[in-house]
Structures are given as C-alpha cells and as structure tokens.
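Here's the letter readout for the chains.
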Amino acid sequence: MEATTPAPPRPKKGRSSDALLEALLYAGAAIVLVATVYPLYFIAIASFSDPSAVGNGQVWLYPRGFTLDGYKELLKHANIWVGYRNTILYTVTGTLIGLAVNVSAAYALSRRDLVGRKAITLFFIFTMFFNGGLIPTFLTVRDFHLYDTFLVMVLPFSVAVFDIIVARTFFRTSIPAELWEAAQLDGCGNLRFYVRIVLPLSKAVIAVLALWFAVGQWNSYFNALIYLQNKDLFPLQLILRDILITNQMQSSMGTGEAAQIALRLANMLRYSVIIVSTIPIMCAYPFVQKYFNKGVMIGAVKE
Amino acid sequence: MNHRAASGNWQRAFGRVGRNWGLYLLLLPAVILLLIFTYRPMYGVMIAFKDFSPALGITGSPWAGLKYFEKFFHSYQFSITIRNTLLISLYSFATFPIPIVFALLVNQLRANRFKRAFQTLTYMPHFISTVVVVGLLLILLSPGNGLIGQLYGLFGAKAPNLMGSSALFSSVYVWSDVWQHTGWDSIIYLAALSAVDPSLYEAATVDGASRWQKIRFIDIPMLLPTAITLLILRVGGLLGVGFEKAYLMQNNLNLSGSEVISTYVYKIGLMSAQYSFSAAINLFNTMINFVLLVLVNRIARKYSEHSLW
C-alpha cells in the first residue's frame, strides 16, 4: 500500500539549512513522542509484571515475571466496581443532559431573528467570568435538596458556555438562513425544524461536544468531593483517589512482613486500576477524531 | 422617532417573539439552570460581608462589613496563598508558547502516517483524569523505586523527593500539565494553520524562501490572532490555580509551597465551616481576576486589532 502513496513534492535542490531543519524536526518529534507515551506504557507493562521486578528497575521495555495478580486484586474490591457503575451512569446521563441543554441553547442563540439575542448572550457569557464561588454555590445546592443525590452530579452544572459558543458558531456557518425561511413557508415550526433539520445536519459538532461532556464527567471528582457523602454514590475517581493518593501516603510508612505483603498488593492494584479506569475514556477519542476538523475547531476561536 | 413608528417597532418585535416562541423554549433549560445555580449564588456572595449563620439565612444574618476581608489580609496564610497562586500561574503562563511551537512542528511533518500517529498519541494524556495523573506522578517520581529514583540510581545519585518538596511543587505542577495538555492545546493552532492558503507557500517557494522563513513569515503571523485571544483568556485566570490538581498534589511535606487560594477557600469553607470568611477570600480572588482581564483586554485593543470585546 505504501508504494502507491505518492511521495510529497520536495524541492529538487534542498538547501542545507532545510535539510538540517528536517533532521532536527524528526529528532524533536521522536523525543516528544517518547516523553509523552513512555509513562503510560510503563504503567501498562508494570501492571502485568512482578512488583519486585518493577521495584528493582528491571521493567523497562516489556513485562517481567508476567502475572495477572494486579487484575485479580481488582476483582476483590467491590467499591471499585460500584464506582465504575456510578461513573458510567453519570457519564451517560450527564452527556445526554449536557447535549440537550447546551445544543438547544446554542441553536436558539445562533438565530439572528431571535429578539433579545444580545442580552441573552451576555447573560451566558457573564457566567464565564463571574460566579458565586464555592460556598454560596454549595448553600444553593443544599437549599434545593440536591446535596448527596444522583442528580447533583449531572444536572446543576451542566451548562457549558464555552461549548455553547462553539456550537453557536457552527450553526451560524453551516445552517443557511434560507433553509429556515423555506421551511417556514412550508409551515414548519421552530421546534420541528430544530429536531428534523438542524440536528441531523450537525452531527460533527454534536459528536465533539458529546466527547467533551463524556470526558469531563468520566474524569471529574470535584463535584463528588463537595456534594456527595454516601459511598454508594461515589464515582470511580473518588475511589481512585483513595487507592492512588490517600493510601499511597499511608502505605509508604509501614514496615514488617504483613506490611510488605500489603504494600506489594497495593502496588499491583495501583497499576491495574489506572489501566482499567483510563482505557475506556481513551477509546472514545478515535471515534470522534474525524469530526475534529477545522470547521468545528476554528469556530471555537473566531468568536 | 415618532410615536406611531415606535409602537410599530414594538409590535413587530412582539410578533417575532411570538412567532419564535419555540426558540425561547429551547433556551429555557439553560437559562433556568444558570439562574438557579450560578446567578443565585452570586446574590449569595453577600455573605462575604455578613456574619452568616445557616439558621438566619442569607438575608437574616447580620452585616459584618469588611471584617472578613481584613481578617484575610492580616492572616498568616494571606501572603503564602497569594504568593503560591501567583507563582504557579505565572510559571504556567510562561509555558504558553509551547503548544504553538508544537503546532508549528506538527505542521512541518510531511510523512502523513507518522503525522497522524504522532497527533493521536500526543493527545492521549489529555484524556487521563487529574486523579490518575497525580497518582502517576506519585508512582513515577517516588525517590525510592519510582522511575526517577532508578534514573538517579543509574548515576549513583540519590533522587530528590519531588512530591514532598515545597520548593519544587510549582515545577512538578506546571511541567506535568505541559506533559498532559500540550498535544491537545495545539489542536486549535493546527486548525488555524490548516486555513493557510497553499498558494502563499508556493509564492514563497518561488521567491526562494527557506522553510524557516516560511514558518517565520507565514505560519507565525497566521497564529497570532488565535494566540492573543487565548492569551487574554488565560490572564483572566491568572489568580486562579485550579483546585483539583493542587489539592490532590498536596501533602504535609509540601504544604508551604502548595497551598493556593482555591484549596484554602475549600478548607476554610467546607472543612472548618467558616462560610463568610471563605466567601470573602473567594470574592477577593474573583475581583482580581476580573480586573486583570479587563486590563489586559484594554492593552490588547490598544496595541493590536485583536481583543475579546
């Protein structure tokens, strides 16, 4: 296959400075690539290795003393799986709510015949720079009886103004005003036009926003830390925080044989849990990659 | 404008509002959510000027004037949190050109397959959660058996405890951010570069421009408007080091270098329940950020044609 790909045109007589630049370029790219990927690769191979081999520095390029103990250890921790389930639920509902709320608002704001458009836009933009801050927001959530509920994770903070601006710009540039005028003549109302015409034409921007919401939901721990108390509602990230950070600081204190074994298991668990919690969300990106074209992204900077 | 024309305008406007009621319905959920969970708390900010007690409510609590602001200014934590916050955000601000350089580099890669693989792989860390990133740092930077410990061990040296040092906290914070987000942050610049008219490069080649000259005189000017917009937005957050990562990276050893305004607000507000004091610190922070944003936008408007508004 490679032979059929035409070689990119090159200047016939390359200047020596250009050749040097080319060499530096690929050398730089290679260094950047290794520096970016190696830490992740290391965790992956360490998760399949004997922890003492990892501790001795024998694991560099491939797993040593292959074992699945880390993953078996994972199965023993019920709270990880409860967290996993919760995170999936939060991610799915949060993404759906986020899309419904923000894409709809963005479409309305993209219409130039919307009376009061400037004022409403300002109403949204203002919140990018000003907010009540932690405590007043916390008190409000409590006043509305959302503290320690499923809903607090997916509803109150689902408005994303930056995403609205991106989607609004997309609608402006890719849904021609004539389309609405024609639909209107046929007696089509705004809502029907939005659902039947606008949404099907906007898969690209919807896919991009869905990815942003899903990644945000999957990875966030702040709202859970502030607004949740019931362990059965904890998302994966809060459980991970215990395993990776809070316990790490404690376990490094102990000595003695029992402590050694516990430390060994804790170490293995740490690698496997990183892999299991991170792979799903990383897999989401390639599906959406094709939509990250200039159309959507330039919209983000233009306005 | 005479009376009749004015009333005609109003009628037309009302007509358009009525005809477009569907659009207002589409806006409704977002507007309601913002009103309740963003604007109502803004009203609640007044507890920063009150001796708030939950039993009396926001309006019922007695006024305290600027008591809590003064308390913060005179507190031992004031200079520490401000210094740490400023240091970390200025440090991180200084890494602002890195995604630009990165985008220029990617844009120069000719081998298409390599380019695509390079991009996909360098975006990956962006999708890792803050919790996992800090967990990674703890594993890799452990002076005993972490990667860094082994690296120093090769040279027979003893590795510094990067995660337990207040002096090195900002470096670890900023460079791990660079590691995580550079690839992703460059997307926006790459999009801007893909909009360059190819005939510009052709013309430059005909004129005998070197590759470096094409970067210098075509690519970089092309990126400038995007860079300035993002720069201004960054300045608006200058006194706002995010809570999530700083809080996770904190431990007893590095606390004097890692306590920033947002983590302090959390501790005062939710851990020791001093609501008014916490709200006052938070408000002070927001005000400074807003002033900075307005200031920089004004400067940008004066010296170039690019600004936010």
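Since the model is a prediction, treat every value here as computed from it, not as a measurement. (Residues numbered from 1 in each chain as written. Chains lettered and ligands numbered in written order. Predicted model: local features only at pLDDT ≥ 70, side-chain atom pairs only at ≥ 80, totals over all residues. Heavy atoms only, no water.)

1. Some details on the packing of aromatic side chains
Then, number 1: Scanning the model with the defined rule gives 46 aromatic pairs over all chains in all.
Then, number 2: A centroid spacing of 5.7 Å and a plane angle of 40° characterise the contact between Tyr26 of chain A and Phe114 of chain B, whose relative ring orientation is tilted. Taken together, the residues span two chains, with Tyr26 of chain A in helix α1 (residues 16–46) and Phe114 of chain B in helix α7 (residues 112–123).
Then, number 3: For Tyr26 of chain A, a relative accessible area of 25% translates into the label partly exposed.
Then, number 4: Cluster of aromatic residues (ring-pair linked, three or more members): Phe123, Phe124, Phe126 and Phe130 of chain A together with Tyr39 and Phe290 of chain B. (Phe/Tyr/Trp six-rings, centres within 6.5 Å; stacked < 30°, edge-to-face > 60°. Helix = DSSP H or I, 4+ residues; strand = E, 2+ residues; numbered from the N terminus. Buried < 20%, exposed > 50% of the residue type's maximum accessible area, 1.4 Å probe, protein only.)

2. Here's the deal with the interface of chain B and chain A
Then, number 1: At the interface, 91 residues of chain B touch 97 residues of chain A.
Then, number 2: A combined buried area of about 8,700 Å² lies between chain B and chain A, and 77% of that area is made up of carbon and sulfur atoms.
Then, number 3: Ranking the residues of chain B by area buried against chain A places Leu26, Phe37 and Phe127 of chain B at the top, with a combined share of 9%.
Then, number 4: Inspection of the chain B/chain A interface yields two salt bridges.
Then, number 5: Residue Asp143 of chain A pairs with Arg40 of chain B through a salt bridge whose shortest N-O separation is 3.2 Å. (Contact = heavy atoms within 4.5 Å. Buried area = accessible area lost by both parts, 1.4 Å probe. Salt bridge = Lys/Arg side-chain N within 4 Å of Asp/Glu carboxyl O.)

3. Brief notes about the domain arrangement of chain A
Many analyses report the size of an interface as the accessible area lost when the parts associate.
Then, number 1: Split into domains, chain A comes out as domain 1 (14–69) and domain 2 (77–233 + 291–302).
Then, number 2: Look at where the C-alpha atoms of domain 1 of chain A and domain 2 of chain A centre, and you get two points 38 Å apart. (Domains from an automatic or database assignment.)

4. Quick notes on the domain arrangement of chain B
All names here are of chain B.
Then, number 1: Partitioning chain B into structural domains gives domain 1 (3–60) and domain 2 (67–303).
Then, number 2: Each side of the interface is counted separately: domain 1 has eight residues, and domain 2 has eight residues.
Then, number 3: Of the roughly 630 Å² buried between domain 1 and domain 2, counting both surfaces, carbon and sulfur atoms make up 67%.
Then, number 4: Between the two partners, domain 1 and domain 2, sit one salt bridge.
Then, number 5: Asp51 serves as the salt-bridge partner of Lys67, at 3.0 Å between the closest nitrogen and oxygen.

5. Describing the confidence of the model for chain B
Residue and element names in this part refer to chain B.
Then, number 1: Across chain B, the average pLDDT comes to 87, with 94% of residues at or above 70.
Then, number 2: Ranking the helices and strands of chain B by mean pLDDT puts helix α2 (residues 21–44) first, with 95, and helix α1 (residues 3–19) last, with 72.
Then, number 3: We note a pTM of 0.88 for the whole complex and an ipTM of 0.86 for its interfaces. (pLDDT = per-residue confidence, 0-100.)

6. Structural notes on α7 of chain B
All names here are of chain B.
Then, number 1: For α7, spanning 12 residues, the distance from its first C-alpha to its last is 17 Å, which sits close to the expected 16 Å at 1.5 Å a residue.
Then, number 2: Regarding α7, the residues found buried are Lys115, Phe118, Gln119, Thr122 and Tyr123. On an axial view of α7, the arc spanned by its buried residues comes to 120°, and they lie on one face. Relative to its buried face, α7 has exposed residues pointing more than 90 degrees away, namely Arg113 and Arg116. (Expected span 1.5 Å × (residues − 1). Arc of directions from axis to C-beta.)

7. Here's the deal with the environment of Leu269 of chain A
Residue and element names in this part refer to chain A.
Then, number 1: Here Leu269 lies in helix α13 (residues 257–289).
Then, number 2: Exposure remark for Leu269: the relative accessible area of 6% places this residue in the buried category.
Then, number 3: Among all residues touching Leu269, those that are not within four sequence positions of it are Gly70, Glu73, Leu74, His77, Ile80 and Ile243.

8. Re the UniProt feature "transmembrane region" (unreviewed entry) in chain A
Residue and element names in this part refer to chain A.
Then, number 1: Mapped onto the present numbering, the UniProt feature "transmembrane region" (unreviewed entry) falls on residues 20–44, 88–109, 121–139, 151–171, 193–215 and 268–288.
Then, number 2: Helix makes up 79% of residues 121–139 and strand 0%, and the two end C-alpha atoms of the span are 27 Å apart.
Then, number 3: End C-alpha to end C-alpha, residues 193–215 measures 30 Å, and it is 96% helix and 0% strand. (UniProt positions renumbered as here; feature names shortened; annotations may be inferred.)

9. Points about helix α10 (residues 169–185) of chain B
All names here are of chain B.
Then, number 1: In a regular helix each residue adds 1.5 Å, so 17 residues correspond to 24 Å; α10 covers 23 Å between its end C-alpha atoms and thus fits that length.
Then, number 2: Largest kink in α10: about 40°, centred on Trp179.
Then, number 3: Burial runs high along α10: 12 of the 17 residues are buried.
Then, number 4: Within α10, burial applies to Phe169, Ser170, Val172, Tyr173, Val174, Ser176, Val178, Trp179, Gln180, Thr182, Gly183 and Trp184. (Bend = angle between axes of the 7 residues up to and from the residue.)

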